[in-house]
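Architecture and fold: a report
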Amino acid sequence: MGVIILKDRFTIGFLSGLAGWLPQFLFMTAMYYVFHLTKLLYFDFAAIIAYGHKPQNWQETSFAVLIVIGFLGVLGAVFAFAIKIIQSPNILFKGAVFGAGDWFLIYAITYVFKVEGLYKQMDFPTAVINLIGGTIWGISTALMLVFLNRRYRSETMVKEDHHHTTPKKYYFAPSHSRKHDEEIKPVRLKKPIKIKQD
């Protein structure tokens with residue numbers, strides 16, 4: 001069985017999802033406590049699903065935040081596998097769409113299963129703010145994916161299939177540089193080669 005290096009696609013995606021949580025958290029906190037434009041924060045979703053009510057103390061709040069962070073980390077890993085090549089001209093657009101899609105999926109599940117304490121509090125401003133928060137997370141996650149890819153893309157990963165394990169060097173995206181082109185020069189033969197014809 002091959003050894004998976006810590007900088008593999010799943011780990012990079014997971015760490016990117018964790019990093020994307022911070023800008024989202026700052027935005028959502030400002031919308032809730034400063035501008036009062038939303039009734040629910042993302043950790044409220046986690047707390048209501050886990051406890052059946054909004055967090056009542058710092059212990060419940062901390063645990064709910066950890067649930068959200070872990071969930072976003074897993075989503076970041078899913079995103080890393082979904083796009084397969086993270087150095088893309090449309091990487092930020094893909095991240096925004098992925099984040100908005102996650103928001104819609106969470107809302108849809110909440111309404112379908114009639115989660116008590118959630119679906120009745122979802123008014124229009126709350127829905128819009130949460131949509132923007134999800135989009136911010138998606139863009140931030142995509143940016144971090146690009147950064148980590150450029151930092152660790154030369155790491156060796158091990159590819160496994162059902163029959164054998166083959167060590168191979170993987171890159172999230174091929175790099176191209178002028179220096180590389182300059183290193184590849186045509187080779188000139190000292191003497192011409194004559195081909196005999198029958």
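The notes below deal with the structure included here. (Residues numbered from 1 in each chain as written. Predicted model: local features only at pLDDT ≥ 70, side-chain atom pairs only at ≥ 80, totals over all residues. Heavy atoms only, no water.)

Another aspect to go through is empty space enclosed by the protein. This model, assessed by the stated rule, comprises 1 cavity of 30 Å³ or more. Of the volumes computed, that of the largest cavity is approximately 80 Å³. Every residue along the wall of the largest cavity is listed here: Trp21, Gln24, Phe25, Met28, Thr29, Leu41, Tyr42, Phe43, Val65 and Val68. Secondary structure elements with two or more residues in the lining of the largest cavity: helix H1 (9–34), helix H2 (42–51) and helix H3 (58–83). Per-element tally for the lining of the largest cavity: the top contributor is H1, with 5 residues. Of the residues contributing to the lining of the largest cavity, the split by class is 8 nonpolar, 2 polar and no charged. (1 Å grid on protein atoms, 1.4 Å probe; cavity = no way out; pocket = protein on both sides within 12 Å on 5 of 7 lines; lining within 4 Å. Points joined across faces, edges and corners; volume = space filled by probe spheres on them. Helix = DSSP H or I, 4+ residues; strand = E, 2+ residues; numbered from the N terminus. Nonpolar A, V, L, I, M, F, W, Y, C, P; charged D, E, K, R; others polar.)

Here we come to the pattern of salt bridges. Counting across every chain of the model gives 1 salt bridge. Here Lys39 makes a salt bridge to Asp123, at a shortest N to O gap of 3.5 Å. Here Lys39 is found in the loop between H1 and H2, whereas its partner Asp123 is found in the loop between helix H4 (91–112) and helix H5 (124–152), with 84 residues between them in sequence. In this structure Lys39 comes out as partly exposed when scored by relative accessible area, which is 42%. What makes Asp123 partly exposed here is its relative accessible area of 26%. (Salt bridge = Lys/Arg side-chain N within 4 Å of Asp/Glu carboxyl O. Buried < 20%, exposed > 50% of the residue type's maximum accessible area, 1.4 Å probe, protein only.)

Our focus in this paragraph is a nonpolar patch on the surface. A grouping of Tyr33, Val34, Phe35 and Leu37 is seen on the molecular surface, where their side chains present a nonpolar patch of about 430 Å² in accessible area. Positionally, Val34 belongs in helix H1. (Patch = residues over 30% accessible without salt bridge, like charges linked within 9 Å, V, L, I, M, F, W, Y side chains within 5 Å. Areas by Shrake-Rupley, 256 points an atom, 1.4 Å probe, with all protein chains shown as cover.)

Quick look at unusual backbone geometry now. In this model, His36 sits at a positive phi of 55°, which is unusual for a non-glycine residue. What makes His36 exposed here is its relative accessible area of 60%. Even without a glycine there, the phi angle at Lys114 is positive, about 50°. In this fold, Lys114 is placed in the loop between H4 and H5.

A few words now on the side chain of Thr38. The topology assignment puts Thr38 in the loop between H1 and H2. Looking at Thr38, its side chain comes within polar contact range of the main-chain oxygen of Leu40, at 3.0 Å. Setting aside its immediate chain neighbours within four residues, Thr38 contacts Met31, Tyr32, Thr126, Ile129 and Asn130. (Polar contact = N/O pair within 3.5 Å; in protein donor to acceptor, adjacent residues only side chain to side chain. Contact = heavy atoms within 4.5 Å.)

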